[in-house]
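Observations on the three-dimensional arrangement
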Amino acid sequence: MTISSQKDPDRYDFVSIETKWQNHWLSEQTFKVDEDSTRLKYYLLEMFPYPSGRIHMGHVRNYSIGDVIARFQRMRGFNVLHPMGWDAFGLPAENAALKHDTHPAKWTYENIDYMKSQLQRMGFSYDWDRELATCDPEYYRWEQLFFIKMYEKGLVYRKLTSVNWCESCQTVLANEQVIDGQCWRCDNQVLPQDMHGWFFRITDYADELLSECENLTGWPEKVLTMQRNWIGKSVGVEINFPVEGTDHVLTIFTTRPDTIFGATFMSIAPEHPLVELSKHTGQTELVEEFVARTKIAKKKQRPGEELEKEGIFIGQYCINPFTGNRIPIFTANFVLMEYGTGAVMAVPAHDQRDFEFAQKYELPIKVVVQPENKQLDSENLSAAFEAPGILTNSAHFSGLNSDDAKSAITAFAEEKGFGKSKTTFRLRDWGISRQRYWGTPIPMIHCTTCGVQPVPEQDLPVVLPPDAKPDRSGRSPLHFLESFYRTTCPSCGGEAKRETDTMDTFVESSWYFARYACPDYTEGPLDRDRVDHWLPVDQYIGGVEHAILHLLYARFFTKVLRDLHYISIGEPFKNLLTQGMVIKDGVKMSKSKGNVVDPNDLIEEYGADTVRLFSLFAAPPERDLDWSDKGVEGASRFLNRVYRFVENNKNLLLNAPAQLPSDLDEKSRALHRKTHQTIRKVTTDLENDFHFNTAISAVMELVNLMLSVVSDEADHEIMPAVIKEAVDSTLLLLSPMTPHFCSELWEITGHEESIEKQTWPSFNAESAKEEEITVVLQVNGKVRSRLLVSPEISDDELKELTLQDDKVQKFVGAKPIRKVIVVPKKLVNVVA
């Protein structure tokens, strides 16, 4: 037998190999999938890309992670759905089209063609027959139908509201799209502006969105925490404070009714309608100036950043219904109109923010809750006492603890008719109107006689006019294109105007995963049987930055579609993996940082499999990946070592027996053992938390052992069947990570069926066991016995076996055992 371990400096021909297998998979439709009731389904989905022009390393990492899981589950016998499509609407396409003097549709579809070729070049196992683009009228026609059905159900409404306006993008942004007071797209300052807009009642589902977080056991806790905080449920009481000398009532919401006797002023949001009462007090100019300045400052405020607490007296008082006391009303920069009622009962003795405000403006401080073992004095407080305690200075509620007082005070307010228990949420309804062209037209019609009317279902889709083209003014051409907006009222037949706003692009991505189940269905938006077969998505993969944007919206939309009887499920994604970013030179890769590595360049230099292997090996998927040129080189060297070994030993592998001999010599047994240990390790790592990096490391250890024992063949021949087992296992285990490479070597080594049709290898537990080792047993430092044990034995197990040993017991006798000293895997000394 001749075994070669020659080191050939040349690389394997990855260009020819990768082209060959990509063409094979496409022509054979290897990854096309249909419903199959005889097999368990597995729906694997990565967040679909925006067709910006070319894929970047973040895409490569995300989609490589997904592809490994899809291929792994397919080899395990699952019927795997792994689709791909394009999140194609949006402002960037408009801006890019303007820059290149072309139409957004042309720009988008050209990008889709190019990026699709890039994804295919990476060897990702998509079922391309299910491809969709959200800018296709055959997609968004159903979205328009959903809008109308939601409108009929009362889940859509239009109102005049203060919106987040981006002057640069000339459009409205949802609250979730304002980051640090800036537009999430262009980073320019966002300003408040009053405007009519369309809203989805996501707040109708706030309770369910919150409670169902408990059942999302396959989601990262950090994502669930972000969603819980964004939904922001608070249980408390609403209390009405009459405004002195007027018919107005100031309604506040508080979670601390036990402190209501300590309220010494009121704080209302700058946007609160009662701010207008300042016009009758001589405070008008001061209040208006403060309000304007505060609105701008709050939009710039970063999450977690504390503004310097400021406020101004509006010249009006309200009456505390519990005490009859006059309370001055301030408008303050720390009060949010979108939380509760936009008005806060200020209790400076028991709220630190109110305490600091009261000190700044020399307002009264009154203690009404005392700690159990200390007496607080309003005159000497250095900070607010915010904990629960025992009520004082609170009329007949004094002496109650805070919890009992909350219930009693709430009941008293309800009995007297000036309050009621209330649950509030931080979550606001989703504003989906956008004043741009490149989006789904909102299917509504404005009639001066009949009011707002939905477009008749038979007239859907309302198609974006292809002759409209955005210009550099930033205004949507739909507002000025008569051929688009002039129409007739579906109710009275009179002249009417079509809605010219388009939908937020997050609407498209809120249901695309369901359409993948039936992209060819034309009788409606979703084929119920096929959707019920595939949903929910078993594994979803994407960035954590979507925690309170796409992921929350998709959960909401899924519940809406369930209630509209289009689907059966209430949650879209069973398991969620949020992958880390790709970092270079200490910061995230981005064009603006000038640290981008182009995947095309890497593929040209090393091949797609090397790029995939590095992106999977460099870090666990949930961690950030630090870019390393040496790491890419290392991945390339590893694949070339394996390729040379297989190529140089092809004849041995082709002629090796299929069955292992019953008796293996020592070195063959060591390689056989390592093979099964590696199968066990890789299987466990892929099943649990997708630890691709440690799985690849385990395969590398197997390859290193294989090469080392083979290079030792002058002294001892390794049995060919054992080498073939090791090589075959290496290729099967690596095939989800480096599919072209492994498919080629699988064919070279004489297998008739392609590797994609193989099942995942199983390990033999007995074969994977390490051979037993000898442990010396001592009593008081003298050898008295020996044990043959597994090298995997724990110290506690070893102690127990030692004390049960007959010879050890004989020499210990009746003496008490003072201690047992274990030198792992070597000896145990019993001191008696």
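The shown structure was predicted, so the numbers you read here are calculated from the model rather than taken from an experiment.

A look at the pairing of strand E11 (residues 311–319)
Along any regular strand, the residues point their side chains to alternate faces of the sheet. Examined bridge by bridge, E11 and strand E12 (residues 326–332) share 6 bridges and lie antiparallel to one another. If you follow Phe313 over to E12, its bridge partner there is Phe330. Between E11 and E12, which pair antiparallel in sequence order, lie 6 residues; one of them, Gly324, sits at a positive phi of approximately 80 degrees.

Quick word on the sheet that holds strand E4 (residues 171–173)
Strand pairing in a sheet takes place through backbone hydrogen bonds and is either antiparallel or parallel in direction. Taken in spatial order, the 4 strands line up as E4-E3-E7-E17 in an open sheet, and their pairing is antiparallel. The strands lining the two open edges of the sheet, one partner per strand, are E4 and strand E17 (430–431). Here helix H5 (residues 137–152) sits on the sheet in contact with strand E3 (156–166) and strand E7 (190–200), set at roughly 85 degrees to E7.

What to know about the environment of Gly262
Positionally, Gly262 belongs in the loop between strand E9 (249–254) and strand E10 (265–268). Judged by relative accessible area, Gly262 falls into the buried class, the value being 0%. Between the C-alpha atom of Gly262 and that of Val369, which follows or precedes it by 107 residues, the distance is 8.6 Å. Apart from the residues lying within four places of it in its own chain, the contact partners of Gly262 are Ala346, Val347, Pro348, Lys366 and Val368.

Brief notes about the sheet that holds E9
Across the sheet, 3 strands lie side by side as E9-E8-E16; this open sheet has antiparallel pairing. Unpaired on one side and paired on the other, E9 and strand E16 (419–425) mark the two borders of the sheet. Neighbour-to-neighbour, the strand axes of this sheet turn through a mean angle of 35 degrees, independent of strand direction. Bridge count for strand E8 (residues 233–242) against E16 is 7 bridges, and the pairing is antiparallel. By the bridge assignment for E16, Glu238 is matched with Lys420. Running at roughly 120 degrees to E16, helix H10 (residues 402–416) makes contact with E8 and E16 of the sheet.

Some points on the pattern of salt bridges
Within the structure shown, the criterion is met by 47 salt bridges. The salt bridge involving Lys106 is made with Glu110; its shortest N-O contact spans 2.6 Å. You can see Lys106 and its partner Glu110 sitting in helix H4 (residues 104–121), 4 residues apart, about one turn around the helix. Since its relative accessible area comes to 41%, Glu110 is described here as partly exposed. Via salt bridges that share partners, Glu208, Arg555, Lys559, Arg562, Asp563 and Glu571 belong to a single interconnected network.

Some details on the confidence of the model for the protein
Per-residue pLDDT for the protein averages 91, and the proportion of residues at 70 or more is 96%. Taken as a whole, residues 1–8 scores under 50 in pLDDT and shows 22 contacts with residues more than four places along the chain or in a different chain.

The rules behind these values
- Residues numbered from 1 in each chain as written.
- Predicted model: local features only at pLDDT ≥ 70, side-chain atom pairs only at ≥ 80, totals over all residues.
- Heavy atoms only, no water.
- Pairing = 2+ DSSP bridges.
- Helix = DSSP H or I, 4+ residues; strand = E, 2+ residues; numbered from the N terminus.
- Contact = heavy atoms within 4.5 Å.
- Axes fitted to C-alpha atoms, helices over the stretch in contact; angles between N-to-C directions.
- Buried < 20%, exposed > 50% of the residue type's maximum accessible area, 1.4 Å probe, protein only.
- Salt bridge = Lys/Arg side-chain N within 4 Å of Asp/Glu carboxyl O.
- pLDDT = per-residue confidence, 0-100.

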